[in-house]
Amino acid sequence: MKDNLKILRKEHLKISQQEMAEKLNITQSAYAYCETGKTKITERIIADICREFNVRKEWLETGEEPIFKGLTEEEELEMQLKNALKGKSESLIQQLMCIAQMNAAELKILLNAGLQIHEFYKNEEFKKKVNEKM
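First, a word on what this report is: a plain description of the structure on this page. (Residues numbered from 1 in each chain as written. Predicted model: local features only at pLDDT ≥ 70, side-chain atom pairs only at ≥ 80, totals over all residues. Heavy atoms only, no water.)

## A closer look at the overall build of the protein
Phase 1 of the analysis: Helix and strand content of the protein: nine helices and zero strands.
Phase 2 of the analysis: Secondary structure of the protein in N-to-C order comes out as α-α-α-α-α-α-α-α-α.
Phase 3 of the analysis: For a compact globule of 134 residues, the expected C-alpha radius of gyration is about 14 Å, and the protein comes in at 21 Å, more than 25% above that figure.
Phase 4 of the analysis: Over its C-alpha atoms, taken along the principal directions, the protein stretches across nearly 65 × 30 × 20 Å.
Phase 5 of the analysis: Expressed as a percentage of the 134 residues in the protein, the buried residues total 26%.
Phase 6 of the analysis: Taking the intrachain contacts of the protein between residues at least 6 apart in sequence as the baseline, contacts between residues at least 24 apart amount to 37%.
Phase 7 of the analysis: Total accessible area computed for the protein in this model is approximately 9,300 Å², and 55% of it derives from carbon and sulfur atoms.
Phase 8 of the analysis: Across the protein, the centroid of the 22 positively charged side chains sits 5 Å from that of the 23 negatively charged ones. (Helix = DSSP H or I, 4+ residues; strand = E, 2+ residues; numbered from the N terminus. Rg over C-alpha atoms; globule rule 2.2 N^0.38 Å. Buried < 20%, exposed > 50% of the residue type's maximum accessible area, 1.4 Å probe, protein only. Contact = heavy atoms within 4.5 Å. Areas by Shrake-Rupley, 256 points an atom, 1.4 Å probe, with all protein chains shown as cover. Lys, Arg positive; Asp, Glu negative; His and termini not counted. Charge placed at Lys NZ, Arg CZ, Asp CG, Glu CD.)

Structure, rendered in structure tokens:
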């Protein structure tokens, strides 16, 4: 279970031990002992983790997928993005969600558009017009 706890915190939630401990209302050292296996993870902590982070108890105990309870693939991706981009604007997160859901053809169009804008921006006259509008 300790390995799954560490995977959850580092790879999926992308938060520190201190942040995890705060969410669980325990000290950072108490949490660290759980994650390293120095102390047994109590039923209360397991319940708190499952409730606070929408984690399936079965995954926490056995590693049996899926990790999160009742989340669609899109909701899980959004949760991971929000954790990875903590403190960033909601608009940026939504834009990245749109990009993440694009298929290969749509991504190619977006990439080509970005490259064309980059090339145009190298042109001093274009750069001047863009700066005037901002």
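What follows continues from the structure just given.
## Focus: helix H4 (residues 43-53)
Phase 1 of the analysis: Every buried residue of H4 is accounted for by Ile45, Ile46, Asp48, Ile49, Cys50 and Phe53.
Phase 2 of the analysis: In this structure, the buried side of H4 is in contact with helix H1 (2-13), helix H2 (17-24), helix H3 (28-36), helix H5 (57-62) and helix H6 (73-84).
Phase 3 of the analysis: Just downstream of H4 lies asparagine 54, where phi reads positive at about 60°.

## Details of the nonpolar core
Phase 1 of the analysis: Counting 21 residues, the largest nonpolar core has Leu5, Leu8, Met20, Leu24, Ile49, Phe53 and Leu60 as the members making the most contacts within it.
Phase 2 of the analysis: Sorting the residues of this core by element identifies H1, H2, H3, H4 and H5 as the ones contributing at least two each.
Phase 3 of the analysis: Tallying contributions element by element places H4 first for this core, with five residues.
Phase 4 of the analysis: In contact with leucine 60, not counting residues within four places along its chain, are Met1, Asn4, Leu5, Ile46, Ile49, Cys50 and Val55. (Core = buried A, V, L, I, M, F, W, Y, C linked by side-chain atoms within 4.5 Å.)

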